[in-house]
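Remarks on the overall topology
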Amino acid sequence: MRRRPSPPDGGERPYRAAAARTRLGRMNERLSDRAAAGALRAAVAAPSIHNTQPWRLRFDGAGFDVHADARRALDVIDPDGRALHISIGAAVCNMRVALAAEGWGSRLERPGPSGAEARIVPTACREPSPSMRALAGAIAHRRTNRQPFDDTAVPAVVLDALCRAAAGDGLRLVILDPVRGGAVLALTQAADAVQRADPRYRRELAAWTTDRGERRDGVPVAAFGPRPTTAALPVRDFGLELQRAERDAARFEAHPRLVVLHSRGDGPDRWLDAGQALERVLLTASVHGLATQPMTQALEVPHLRRLLSPPGGHWHPQMILRIGYGHPVAASPRRPLRDVMRSTACAR
Ligand SMILES: Cc1cc2nc3c(=O)[nH]c(=O)nc-3n(C[C@H](O)[C@H](O)[C@H](O)COP(=O)(O)O)c2cc1C
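This is a predicted model, so every value here is computed, not measured.

The next point concerns the nonpolar core. Grouped together as the largest cluster of nonpolar side chains are 26 residues, with contacts concentrated most on Trp55, Leu57, Phe64, Val66, Met95 and Ile120. Put simply, the parts of the chain that give this core at least two residues each are helix 2 (33-44), strand 1 (55-59), strand 2 (64-68), helix 3 (82-101), strand 3 (104-109) and strand 4 (118-125). Sorting elements by how many residues they give to this core places helix 3 first, with 7 residues. Within the second largest apolar cluster, 23 residues are counted, among which are Ile86, Ala166, Leu173 and Leu321.

Structure (structure tokens):
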């Protein structure tokens, strides 16, 4: 299905006019090796469920193909590939933001050739805005933060910026008030209990958590975060099957601030859109000095996910984030680009 091109930041209307003005000037230019490598590095810096990095990338000089890597799918918590597509959408977003910061527009084609989930074709240039440069600068610094956040309230102006970052064609970010936040935490707690009791969940988690420093994917012990001293904040326990790993316990914020990303419609295309919106939100949060942690257990247990869907059946929850102010955390590992690149020869 071909889609009309959309601006990578989803919101800057002058994009088309500016692109039209500059198209003739840039039409015959090719992307520099530096810009292409920057876009590829940006893609692999994206967040992914359990740090599976479920993508294969290909650059043929005219565009970037992003393939799903089915060997990295999580059959137990993500049998439909929803979280996989969201992860790929985040990588697509990073690539487009990195290109935009280099002065390149981009056209998104879906599906891409030879089974790719998406193809990103650099197009006419425009002068990158300061906000686009700031978003691109945040790509390397964004992290999932599993530490306690402090009790400082997130200012309304920052919440507004997050909502604007998410908003696009059929996407919206909902800031939860304490009552609705409490209800989502209760569902998350219920989901967490269901998952912990499932030996298949524990085996899958064990396969993607690691105390081996040389591994370049999965969630390392250093990123697990402390165990909360109370059950009130049901953060995913990545140490379930790695009990030998030393973990501190800590008091987390008394009133976690949660936001939920919804899409109108559900299915692979919408998940890819949601992944792009998610990454715009995470980068925007990073620019504002805000820490973020996805908390998606309730979205992985179908009957609990249904309870999170707003009445009417049009909107579907795709991501739950805990946001706040916290201490910086270390980066999680990434596979080197050579492992992620897909050559024409190995195209399936
Ligand atoms: C769809 C999706 C779901 C995720 N769910 C959780 C979660 O429930 N708990 C959590 O701590 N992190 C979650 N994460 C964050 C990933 O574990 C994280 O992106 C990955 O380990 C890489 O680390 P980084 O984000 O610091 O680069 C999720 C990420 C994605 C894209």
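Attention now moves to the site of the ligand. Close contacts around the ligand come from 22 residues, with Arg142, Thr144, Arg146, Thr296 and Arg334 the closest. One nitrogen or oxygen atom from the main chain of Pro294 is found 3.0 Å from a nitrogen atom belonging to the ligand. At 2.8 Å, a side-chain N or O of Thr296 approaches a nitrogen atom of the ligand. Coverage of the ligand by the protein chains reaches 98% of its 620 Å² of free accessible surface. At the level of elements, helix 3 and strand 11 (291-294) are the ones that each hand at least two residues to the shell around the ligand. When the residues that make up the shell around the ligand are grouped by side-chain class, the tally is 9 nonpolar, 8 polar and 5 charged. Residues lining the shell around the ligand come from more than one domain, with at least three contributed by each of domain 1 (14-141 + 336-346) and domain 2 (156-324).

A few words now on the packing of aromatic side chains. The tally for this structure, following the rule as stated, stands at 2 aromatic pairs. With a centroid separation of 4.5 Å and an interplanar angle of 25°, the aromatic rings of Phe59 and Phe64 are classed as stacked. Since its relative accessible area comes to 26%, Phe59 is described here as partly exposed. Here the guanidinium or amino end of Arg172 rests over the ring plane of Trp315, the centre of that ring lying 4.1 Å away. Looking at Arg322, its charged tip hangs above the ring of Phe149, at a distance of 3.6 Å from the centre.

Looking now at the pattern of salt bridges. For side chains of opposite charge, pairing can occur when their charged atoms come near one another. Inspection of the entire model under this criterion finds 24 salt bridges. Between Asp269 and Arg110 there is a salt bridge, with its nearest N and O atoms 3.9 Å apart. Of this pair, Asp269 sits in helix 8 (residues 268-287) while Arg110 sits in the loop between strand 3 and strand 4, placing them 159 residues apart in sequence. With a relative accessible area of 4%, Arg110 lands in the buried category.

Below, the discussion takes up the confidence of the model for the protein chain. Overall, the prediction assigns the protein chain a mean pLDDT of 90, with 90% of residues at 70 or greater. Taken as a whole, residues 1-25 scores under 50 in pLDDT and shows 45 contacts with residues more than four places along the chain or in a different chain. A low-confidence stretch, residues 344-348 stays under pLDDT 50, and its non-local contacts, those more than four residues away or across chains, total 8 contacts.

This part covers the sheet that holds strand 12 (residues 315-324). Spatially, 4 strands are ordered 5-10-12-11 in an open sheet, and the strand pairing comes out antiparallel. One side of each edge strand has no neighbouring strand; the edge strands of this open sheet are strand 5 (171-175) and strand 11. Across the sheet, the axes of successive neighbouring strands diverge by a mean angle of 30°, strand direction being ignored. Bridging between strand 5 and strand 10 (residues 257-264) involves 5 bridges; their strand directions are antiparallel. By the bridge assignment, Ile175 is partnered in strand 10 with Val259. Seen against the sheet, helix 5 (residues 156-166) touches strand 5, strand 10 and strand 12 and runs at an angle of roughly 160° to strand 5.

This brings us to the environment of Leu242. Mapped onto the secondary structure, Leu242 falls in the loop between strand 8 (227-228) and strand 9 (249-250). Relative accessible area serves as the criterion here: at 8%, Leu242 is assigned to the buried category. When the C-alpha positions of Leu242 and Val221 are compared, they lie 8.5 Å apart, and in sequence the two are 21 residues distant. When residues no more than four places from it in sequence are discounted, the contact partners of Leu242 are Thr209, Thr210, Asp211, Val221 and Phe224.

Parameters at a glance
- Residues numbered from 1 in each chain as written.
- Predicted model: local features only at pLDDT ≥ 70, side-chain atom pairs only at ≥ 80, totals over all residues.
- Heavy atoms only, no water.
- Core = buried A, V, L, I, M, F, W, Y, C linked by side-chain atoms within 4.5 Å.
- Buried < 20%, exposed > 50% of the residue type's maximum accessible area, 1.4 Å probe, protein only.
- Helix = DSSP H or I, 4+ residues; strand = E, 2+ residues; numbered from the N terminus.
- Near = heavy atom within 4 Å.
- Polar contact = N/O pair within 3.5 Å; in protein donor to acceptor, adjacent residues only side chain to side chain.
- Areas by Shrake-Rupley, 256 points an atom, 1.4 Å probe, with all protein chains shown as cover.
- Nonpolar A, V, L, I, M, F, W, Y, C, P; charged D, E, K, R; others polar.
- Domains from an automatic or database assignment.
- Phe/Tyr/Trp six-rings, centres within 6.5 Å; stacked < 30°, edge-to-face > 60°.
- Lys NZ or Arg CZ within 6 Å of the ring centre and 35° of its normal.
- Salt bridge = Lys/Arg side-chain N within 4 Å of Asp/Glu carboxyl O.
- pLDDT = per-residue confidence, 0-100.
- Contact = heavy atoms within 4.5 Å.
- Pairing = 2+ DSSP bridges.
- Axes fitted to C-alpha atoms, helices over the stretch in contact; angles between N-to-C directions.

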